[in-house]
Amino acid sequence: AQSVTQLGSHVSVSEGALVLLRCNYSSSVPPYLFWYVQYPNQGLQLLLKYTSAATLVKGINGFEAEFKKSETSFHLTKPSAHMSDAAEYFCAVSDEADQFYFGTGTSLTVIP
Amino acid sequence: NAGVTQTPKFRVLKTGQSMTLLCAQDMNHEYMYWYRQDPGMGLRLIHYSVGEGTTAKGEVPDGYNVSRLKKQNFLLGLESAAPSQTSVYFCASSKGSSGENLFNEQFFGPGTRLTVL
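Okay, so let's go over this structure. The shown structure was predicted, so the numbers you read here are calculated from the model rather than taken from an experiment.

Description of the environment of Ala81 of chain B
All names here are of chain B.
(1) Moving on: Residue placement: Ala81 occurs in the loop between strand E8 (73–78) and strand E9 (87–94).
(2) Moving on: Remark: the alpha-carbon pair of Ala81 and Leu13, spanning 68 residues in sequence, is separated by 7.3 Å.
(3) Moving on: Non-local contacts of Ala81, meaning those with residues more than four positions away in its chain, are made with Leu13, Lys14, Thr15, Gly16, Gln17 and Val116.

Encoded structure:
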């Protein structure tokens, strides 16, 4: 079975600082990987997805993630945090049966 | 397009009561899912459907039933609610992966916050 581990349930960064949210997966090859964002009292929105076309994936709102097969990682980054980035972030992996396995989430706080 | 909608948005039940949560999507998606979200546990799959008339169990199906009589609707039922079912419930849909349509993401509804007293 697939699984996802998100290291750090809470991350705090200063406004303008680098955002790094960690995700490691356990999956058969090829993995189908996603990052979702959840704003308070809302559903999940897709930030980006790994499609195997490129190891560096660019998403919405300036976020990007790099697929590293050797490390089984798919960490999410953003060069400069904005107050509006405060939210819960979920990493997910799906398999060929279209079932999705979500991590437990990382809550991002942005400090002014 | 409305995307994925869920009704109701909030509900409070007493132990033993029953209710049905409705999910509707207007994207002609084949696959639909029901998740529950609890603090510190992420999203856990309750049931899912790969097409009209079909359903399957997910990770935490006990105490829930589902039906997919129409392609656009996916109903989640609680026959006898228990306090352990207090949660936020999310519905999602996707095209499903086939042929060239790999890596299809899920689209989520806004959620239903259910409290069982």
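Picking up where we left off.
Let's talk about the sheet that holds strand E1 (residues 3–7) of chain A
Residues and elements named next belong to chain A.
(1) Moving on: Across the sheet, which stays open at both edges, the five strands sit in the order E1-E3-E8-E7-E6 with antiparallel pairing between neighbours. The open sheet has two edge strands, E1 and strand E6 (56–58), and neither has a second partner. With strand direction ignored, the average angle separating the axes of adjacent strands in the sheet is 20°.
(2) Moving on: Alignment of E1 against strand E3 (residues 19–26), held across five bridges, turns out to be antiparallel. Looking at E3, one finds that Leu7 is bridged to Arg22.

Regarding the nonpolar core
All names here are of chain A.
(1) Moving on: Of all hydrophobic cores here, the largest spans 27 residues; its most connected members are Trp35, Leu47, Leu48, Phe74, Leu76 and Tyr89.
(2) Moving on: Of all elements in the fold, only strand E2 (10–14), E3, strand E4 (32–38), strand E5 (44–50), strand E7 (64–68), strand E8 (73–78), strand E9 (87–94) and strand E11 (106–111) reach the threshold of two or more residues within this core.
(3) Moving on: The contacts of Leu76, once residues within four sequence positions are left out, are Val19, Leu20, Leu21, Trp35, Leu47, Leu48, Phe63, Glu64, Ala65 and Tyr89.

Overview of the side chain of Gln85 of chain B
All names here are of chain B.
(1) Moving on: Mapped onto the fold, Gln85 is located in the loop between E8 and E9.
(2) Moving on: For Gln85, a relative accessible area of 5% gives the class buried.
(3) Moving on: Here the side chain of Gln85 touches Gly63 through a polar contact of 3.1 Å, landing on its backbone oxygen.

What counts and how
- Residues numbered from 1 in each chain as written.
- Chains lettered and ligands numbered in written order.
- Predicted model: local features only at pLDDT ≥ 70, side-chain atom pairs only at ≥ 80, totals over all residues.
- Heavy atoms only, no water.
- Helix = DSSP H or I, 4+ residues; strand = E, 2+ residues; numbered from the N terminus.
- Contact = heavy atoms within 4.5 Å.
- Pairing = 2+ DSSP bridges.
- Axes fitted to C-alpha atoms, helices over the stretch in contact; angles between N-to-C directions.
- Core = buried A, V, L, I, M, F, W, Y, C linked by side-chain atoms within 4.5 Å.
- Buried < 20%, exposed > 50% of the residue type's maximum accessible area, 1.4 Å probe, protein only.
- Polar contact = N/O pair within 3.5 Å; in protein donor to acceptor, adjacent residues only side chain to side chain.

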